Structure formats: structure tokens, C-alpha cells
Amino acid sequence: RLKKNPNVVDASPNHIYRISKEPNDANWSEQWGPKKIRAAGAWDKGTGSKDVVVVVMDTGIIYDHEDLADNMYTISKDLVNSMKALSTDIISDDFIGSHGVWYHCENDTSVTMPPVPVGPVKSTDIATSADIMGTYERQRIVGDISGHGTHVAGIIGAVGDNGKGVAGMNWKVSLMAVNVFSKTNDGKEDTTTAYDSDIMRGIDFVLTAKKAGANIRVVNMSFGGWSHRPGATDAKIEALSDLNIIIAIAAGNEGEDIDNPSEHSGQKPYPACSRYDNTITVGATTNLVVSEI
């Protein structure tokens with residue numbers, strides 16, 4: 001109506017402009033990944049919720065890390081009781097107050113060990129071989145056997161805007177640690193590996209926790225291997241998908257077309273090539289400035 005008025009030169013909405021939401025974390029200036037995907041635009045809409053549980057299925061999480069501790073999921077007595085009602089083989093009262101579970105194997109073998117609660121007392125930081133193969137009580141304080149899972153957990157959910165460390169994609173979230181890796185030795189050096197059997201046990205833990213009432217929305221799997229066919233974990237991943245859990249899976253760092261690889265003829269990376277309704281295969285990128293995208 002104003003524009004039709006001959007006495008008005010021009011008219012336009014009174015737009016509101018905002019500064020993009022950015023955290024005050026000490027190392028934010030070094031975080032090129034969130035800037036590249038324009039995370040600040042998403043943070044204007046929201047920065048996460050403690051009600052959302054994200055499972056980090058990996059080498060573990062240093063659960064008392066100063067930038068992760070406030071976002072760690074804590075297993076309650078009610079959840080333990082509900083899970084025990086579904087399966088007495090999955091969980092025990094030892095898990096009350098812990099932050100997740102560790103499934104591992106004996107050193108140099110594929111002999112599975114009983115599940116170990118993660119925490120909640122002070123962790124060993126990056127665990128030593130003595131911690132990993134120690135007593136049950138010593139294993140309970142193993143946070144991360146290599147550091148990879150803690151790195152991944154930080155990307156997902158390091159506490160944001162707390163003046164410390166980095167900002168995760170979710171400033172507020174509940175991180176559940178499901179450690180599935182072990183230290184093995186090939187006679188030359190220790191290696192960090194995960195057996196299908198431990199991954200399957202880890203997924204069973206997640207499935208049971210979800211059915212028992214834990215609000216698990218995402219499972220992150222930043223691991224994989226090349227094979228001629230899907231492994232035994234594929235059916236378990238389908239079961240996660242059927243419960244409407246998003247499964248984020250790393251495509252790997254080989255720079256391959258995972259559907260038509262040049263260096264792995266006849267093979268595909270799994271679980272990256274597991275395709276179900278709620279699976280998302282995630283590629284990697286280099287550190288290019290946003291203007292170059």
C-alpha cells in the first residue's frame with residue numbers, strides 16, 4: 001500500500017540483522033571444519049539438547065575430559081533395571097552411574113571378555129596395555145585406548161561456548177560411549193582393532209538401551225574395512241535403522257569411489273556401504289576456505 005502512495009518514494013521491510021552465533025571456546029579460531037559447513041547458521045537455530053543421546057561407537061571416550069564431561073550420558077538405575085528386564089546378559093548393576101560400555105578381547109586373540117562399565121571414577125586418559133589387560137576394576141577406568149574416539153566425540157559434542165578447548169557440532173548433547181576396540185599385537189607392535197563380535201555386542205547394547213527407554217537418536221561409526229560382501233554386523237545395523245536410529249558411518253580416508261573403487265577391485269568398504277533407511281555415509285574433505293567451495 002505504501003508503494004502505491006504517490007507521496008512515498010520507496011518502501012521496504014525493516015529487516016533485522018544478527019551476528020552469526022559463534023562460541024567463545026579457546027581453540028575456536030583453529031576449527032576450520034564447522035566454518036566450512038557453515039555451522040554458525042545452524043547454531044542460530046539451536047545448539048543441541050541434553051535430551052538427545054548420541055552413541056560414539058569407537059575406541060572409547062575420555063569421559064572426564066574437561067570439554068566432554070558435562071555432555072557425557074550417565075546410565076541411571078532405572079535404565080539398568082529396564083535393560084535387565086529385557087536381557088540379563090547385556091547389563092548388570094555395575095553399570096549404574098557409568099557412561100557406557102566397553103567390549104573387548106584378550107590380547108592377541110579373539111576370545112571375548114565380559115562387558116566393562118565405562119567410569120564414572122577418574123579415567124586413565126589414554127590407556128596403557130596394563131590398564132587394558134588389568135583387573136576388572138582397572139579396566140573400568142579405561143577411557144580411550146587410542147584417542148580416536150575422544151577426537152570423534154569432541155567433533156560431535158564438545159561443550160560449546162564454555163571458554164575451553166573446542167566447540168562440538170552440538171554444544172549440548174548426551175554422549176554414550178560404546179567402546180568396541182582392543183589392543184592386539186602381531187608380534188611387532190600393538191595395533192588397535194575391533195572384532196565383528198565386539199561390534200555386534202556393542203550394537204546389541206544400544207538396541208537394548210533404546211528399547212528400555214534411552215533416547216538414542218544417533219550412532220556414530222567412524223571405522224570400517226574393505227570386503228567382498230557385508231559382514232555379520234550388517235543385520236545389526238539394519239536393526240538400528242528399523243528403530244529409527246540414524247547411523248552415521250565414515251566412508252574412509254582412501255579417496256576412493258566406494259561404489260566403484262580403483263584400488264580395491266571387487267570389494268567395498270563396510271559398514272560404509274550398508275544401505276538402510278537411516279544410514280548416512282559421511283565423506284571427508286580437505287581444509288579449503290569456504291570461498292573455494
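Residues numbered from 1 in each chain as written. Predicted model: local features only at pLDDT ≥ 70, side-chain atom pairs only at ≥ 80, totals over all residues. Heavy atoms only, no water.

In this section: the overall build of the protein. When helices and strands are tallied, the protein shows 8 helices and 11 strands. Here the protein, with 293 residues, has 41% of them falling under the buried criterion. Accessible surface computed for the protein: about 15600 Å², of which carbon and sulfur atoms make up 50%. Side-chain charges in the protein split into 27 positive and 38 negative, and the spacing between the mean points of these groups amounts to 10 Å. (Helix = DSSP H or I, 4+ residues; strand = E, 2+ residues; numbered from the N terminus. Buried < 20%, exposed > 50% of the residue type's maximum accessible area, 1.4 Å probe, protein only. Areas by Shrake-Rupley, 256 points an atom, 1.4 Å probe, with all protein chains shown as cover. Lys, Arg positive; Asp, Glu negative; His and termini not counted. Charge placed at Lys NZ, Arg CZ, Asp CG, Glu CD.)

Here we come to the pattern of salt bridges. Considering all chains together, one arrives at 5 salt bridges under this definition. Put simply, Lys-84 and Asp-93 hold a salt bridge, and the shortest N to O gap is 3.0 Å. On the basis of relative accessible area, Asp-93 is assigned to the partly exposed category, the value being 44%. A salt bridge links Arg-201 to Asp-198, with the shortest nitrogen-to-oxygen separation between them at 2.9 Å. Linking Arg-201 with Asp-198, this pair stays in helix α7 (residues 196–211), spanning 3 residues, or about one helical turn. Owing to a relative accessible area of 0%, Asp-198 belongs among the buried residues under this scheme. (Salt bridge = Lys/Arg side-chain N within 4 Å of Asp/Glu carboxyl O.)

This brings us to the sheet that holds strand β4 (residues 172–179). On the basis of which strands lie adjacent, the open sheet formed by 7 strands has the order β3-β2-β4-β1-β7-β9-β11 and mixed pairing. A strand with exactly one partner marks an edge of an open sheet, and here the two such strands are β3 (116–117) and β11 (279–282). In this sheet, β4 lies alongside strand β2 (residues 100–102) in parallel orientation, the contact comprising 3 bridges. Bridging across to β4, Val-101 finds its partner in Val-178. (Pairing = 2+ DSSP bridges.)

Interaxial distance between α7 and helix α8 (residues 234–242) falls to 10 Å at its minimum, and their mutual angle equals 15°. Of the possible angle classes, the one that applies to α7 and α8 is roughly parallel. Considering the relative orientation of α7 and α8, their crossing is left-handed. Here Met-200, Ile-203, Asp-204, Val-206 and Leu-207 of α7 lie close against α8, whose contacting residues are Lys-236, Ile-237, Ala-239 and Leu-240. Across the contact of α7 with α8, the residue classes break down as 7 nonpolar, no polar and 2 charged. (Axes fitted to C-alpha atoms, helices over the stretch in contact; angles between N-to-C directions. Parallel < 35°, antiparallel > 145°, perpendicular 65-115°, else oblique. Left-handed = near helix turned anticlockwise from the far one by under 90°. Contact = heavy atoms within 4.5 Å. Nonpolar A, V, L, I, M, F, W, Y, C, P; charged D, E, K, R; others polar.)

This paragraph deals with the environment of Thr-124. Mapped onto the secondary structure, Thr-124 falls in the loop between β3 and α4 (129–132). In this structure, the C-alpha to C-alpha distance between Thr-124 and Phe-205, residues 81 residues apart in sequence, is 24 Å. Dropping the residues within four chain positions of it, Thr-124 is found in contact with Asp-131, Ile-141, Val-142 and Gly-143.

Moving on, we get to a nonpolar patch on the surface. A contiguous nonpolar patch, built from Ile-246, Ile-280 and Val-282 and spanning about 220 Å² of accessible area, is present on the exposed surface. Take Ile-280: it is sitting in strand β11. We classify Ile-280 as partly exposed; its relative accessible area is 44%. (Patch = residues over 30% accessible without salt bridge, like charges linked within 9 Å, V, L, I, M, F, W, Y side chains within 5 Å.)

Bringing the packing of aromatic side chains into the picture now. Scanning the entire structure with this criterion turns up 4 aromatic pairs. With a centroid separation of 5.5 Å and an interplanar angle of 55°, the aromatic rings of Trp-28 and Trp-43 are classed as tilted. Taken as a pair, Trp-28 in the segment before α1 (32–36) and Trp-43 in helix α2 (residues 39–43) lie far apart in primary sequence, 15 residues in all. Residue class for Trp-43 comes out buried when judged on its relative accessible area of 2%. Ring centres of Phe-95 and Phe-205 lie 6.0 Å apart, and the angle between their planes is 40°; this geometry places the pair in the tilted category. Of this pair, Phe-95 sits in the loop between α3 (77–86) and β2 while Phe-205 sits in helix α7, placing them 110 residues apart in sequence. Owing to a relative accessible area of 1%, Phe-95 belongs among the buried residues under this scheme. (Phe/Tyr/Trp six-rings, centres within 6.5 Å; stacked < 30°, edge-to-face > 60°.)

Quick look at unusual backbone geometry now. Along the chain, Gly-119 connects to Pro-120 via a cis peptide bond; the corresponding omega equals 15°. Assignment of secondary structure puts Pro-120 in the loop between β3 and α4. Here the bond from Tyr-270 into Pro-271 is cis, since omega is 10°, no more than 30 degrees from zero. Of note in this structure, Asp-161 is not a glycine but carries a positive phi near 65°.

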